[in-house]
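# Geometric and topological summary
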Amino acid sequence: MDRPNYITPAGYAALRQEYEALFAVERPKLVDTIAWAAGNGDRSENGDYIYGRKRLREIDRRLGWLSKRMKAAKVIDPARQEDRRKVWFGATVTIADEDDNERVLTLVGDDEADAGQGRVGWNAPLVRALRGASVGDLRRVTLPAGEREYEVMAITYPDP
């Protein structure tokens, strides 16, 4: 990875929880099912065996990905942000476009982004344009819908 995987403590906990659930619960159950299915004879037409092996590969692939993301993670607590006057990781930012349409965004790690909830990944084009901005700053960003200019209206961080 060429850039750090910034993540909030809650985001890291969610990755860890998913890893633990897959590794300690779902994978062992699946291995038992595969072993049972393998003991039933002909594996070429055994749906439980074939599906089980396919699902096991999916789980192992996901476990590998989660493991890499957690190893590369740099956990940053937004409540401990020193410079609260600028837009940095973990900030909740209110922005307004040229038509005075306001949006509230929370800057989070890429692994915990959910645009529908207003949680935008740290490496998204809009967030890259907002980094380091202060209230009143104008930032221009090129989005798939075209170029837009946003004004930073407010910046907040969680309380320590």
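Per an unreviewed UniProt entry, the protein chain carries the name Transcription elongation factor GreB and comes from Sphingomonas sanguinis. Annotation of the protein chain in UniProt includes, under Sequence similarities (unreviewed entry), the sentence "Belongs to the GreA/GreB family. GreB subfamily."

This part covers the domain arrangement of the protein chain. Here the protein chain is described as being made up of domain 1 (5–75) and domain 2 (78–156). In this assembly, nine residues from domain 1 lie in contact with seven residues from domain 2. Note on domain 1 versus domain 2: buried area summed over both sides is about 630 Å², and carbon and sulfur give 61% of it. Broken down residue by residue, the surface that domain 1 buries against domain 2 is led by Y6, I7 and T8, which jointly contribute 65%. One can count one salt bridge joining domain 1 with domain 2. D111 is paired through a salt bridge with R69; the nearest N and O atoms lie 2.9 Å apart. Of all the elements in the fold, those that place two or more residues in the side of domain 1 that touches domain 2 are β1 (5–7), α1 (9–38) and α2 (47–72).

This part is about the environment of V152. Position of V152 relative to the elements: it lies in strand β7 (residues 146–156). The contacts of V152, once residues within four sequence positions are left out, are V87, V93, T94, I95, L130, A133, S134, V135, G136 and D137.

With that settled, the discussion passes to the pairing of β7. Taken together, the five bridges between strand β3 (residues 92–96) and β7 define a ladder with antiparallel strand orientation. For A96, the partnering residue across the bridge sits in β7 and is E151. The pairing of strand β6 (residues 138–143) with β7 spans six bridges and is classified as antiparallel. What sits directly across from R139, in β7, is Y150.

Quick look at the pairing of strand β4 (residues 102–108) now. Note that β3 and β4 share five bridges and pair antiparallel. Among the inter-strand pairings, I95 is bridged to a residue of β4, identified as R103. Counted along the chain from β3 to the antiparallel partner β4, the turn is five residues long, and its residue D100 has a positive phi close to 60°. Relative to strand β5 (residues 119–121), β4 runs parallel, the two sharing three bridges. From the neighbouring strand, V108 faces β5, where its bridge partner is G121.

Quick notes on the rules
Residues numbered from 1 in each chain as written. Predicted model: local features only at pLDDT ≥ 70, side-chain atom pairs only at ≥ 80, totals over all residues. Heavy atoms only, no water. UniProt positions renumbered as here; feature names shortened; annotations may be inferred. Domains from an automatic or database assignment. Contact = heavy atoms within 4.5 Å. Buried area = accessible area lost by both parts, 1.4 Å probe. Salt bridge = Lys/Arg side-chain N within 4 Å of Asp/Glu carboxyl O. Helix = DSSP H or I, 4+ residues; strand = E, 2+ residues; numbered from the N terminus. Pairing = 2+ DSSP bridges.

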